[in-house]
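Structural characterization, general
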Amino acid sequence: MAKMMGPRFKLCRRLGLNVTGHPKAMNRATKGTARNDKKLSPYGTQLLEKQRLRSYYGVMEKQFRNYVKKAMKDKEPTGYALIKLLECRLDNLVYRLGFANSIRQARQMVVHGHFLVNGEKVNIPSYQVSVGNVITLREKSQKNELFKENFLSNFVNGFDYLSKDENAFSGTLVRYPERQEIPIEINDVLVVEFYSKLS
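Bear in mind that the values here come from a model prediction, so they are computed numbers and not experimental data. (Residues numbered from 1 in each chain as written. Predicted model: local features only at pLDDT ≥ 70, side-chain atom pairs only at ≥ 80, totals over all residues. Heavy atoms only, no water.)

1. Observations concerning the environment of Ala-100
Mapped onto the elements, Ala-100 comes out in the loop between α5 (90-96) and α6 (103-111). A C-alpha to C-alpha distance of 9.0 Å links Ala-100 and Leu-146, two positions 46 residues apart in sequence. Residues contacting Ala-100, with those up to four places away along its chain left out, are Val-94, Tyr-95, Gln-105, Ala-106, Met-109 and Asn-150. (Helix = DSSP H or I, 4+ residues; strand = E, 2+ residues; numbered from the N terminus. Contact = heavy atoms within 4.5 Å.)

This is the structure we're talking about:
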């Protein structure tokens, strides 16, 4: 399974945006380290937004293109449809619910089979979670102190589309998120424009 590797903080500084969510990611960022510190062409600006969004969710280019193609067939505005698909990935929702401290950690937990979706084991990070689906930490995994501490110390703040049951070590996608509820600083219109020129 292909995955994005490399120094996370360096990537954040290059993109000029904290795509990892770590509070110290931009500490060493100085003027001139980010791509957008220099004047970019319209194409360069679109490319940067695309790379920011892809890096935020940790998705490889081939898979990202498939998400764009799928979003273009949706009745919703393409930018919103794309981000909704990415936001409803299993690894991302595991992160949003507080089971993990980063999307990378969430992906590893999913791959190692620590989660059930509606009672069934799922170890595919890109699994699309539907409204009403319940994500549960497996009973055996609940004994892991790191997982337990992560989940109980992280509170779902501002994510009205998610509900969390601390007693059952589970969370539910109550509804699909609205665009303004998704906490990413991305101009999705530029991402769509980038791919529309390539198709």
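2. Looking at the sheet that holds strand β4 (residues 162-165)
Within the open sheet, the 5 strands sit side by side as β2-β1-β3-β5-β4. Their pairing is antiparallel. Strand pairing shows two members of the sheet lacking a second neighbour, β2 (120-121) and β4, which therefore form its edges. Bridging between β4 and strand β5 (residues 170-173) involves 4 bridges; their strand directions are antiparallel. By the bridge assignment, Leu-162 is partnered in β5 with Leu-173. (Pairing = 2+ DSSP bridges.)

3. Focus: the pairing of β5
As judged from the 3 bridges shared by strand β3 (residues 134-137) and β5, these two strands associate in the antiparallel manner. When the bridges of β5 are listed, Val-134 appears paired with Thr-172. Joining the antiparallel neighbours β4 and β5 is a turn of 4 residues, in which Phe-169 adopts a positive phi near 50 degrees.

4. Structural notes on the packing of aromatic side chains
Counted by the stated rule, this structure contains 8 aromatic pairs. Consider the rings of Tyr-56 and Tyr-57, whose centres lie 5.1 Å apart with planes at 70 degrees: the pair is edge-to-face. Residue classification places Tyr-57 among the buried positions, given a relative accessible area of 1%. The interplanar angle of 85 degrees and the centroid separation of 5.1 Å between the aromatic rings of Phe-194 and Tyr-195 together place this pair among those described as edge-to-face. Given a relative accessible area of 5%, Phe-194 falls into the buried group. What makes Tyr-195 buried here is its relative accessible area of 5%. Each member of the aromatic cluster is reached from another via a ring pair, and the members are Tyr-43, Phe-64, Phe-194 and Tyr-195. For Lys-164, the ring lying beneath its charged end belongs to Phe-151, and the centroid distance is 4.4 Å. (Phe/Tyr/Trp six-rings, centres within 6.5 Å; stacked < 30°, edge-to-face > 60°. Buried < 20%, exposed > 50% of the residue type's maximum accessible area, 1.4 Å probe, protein only. Lys NZ or Arg CZ within 6 Å of the ring centre and 35° of its normal.)

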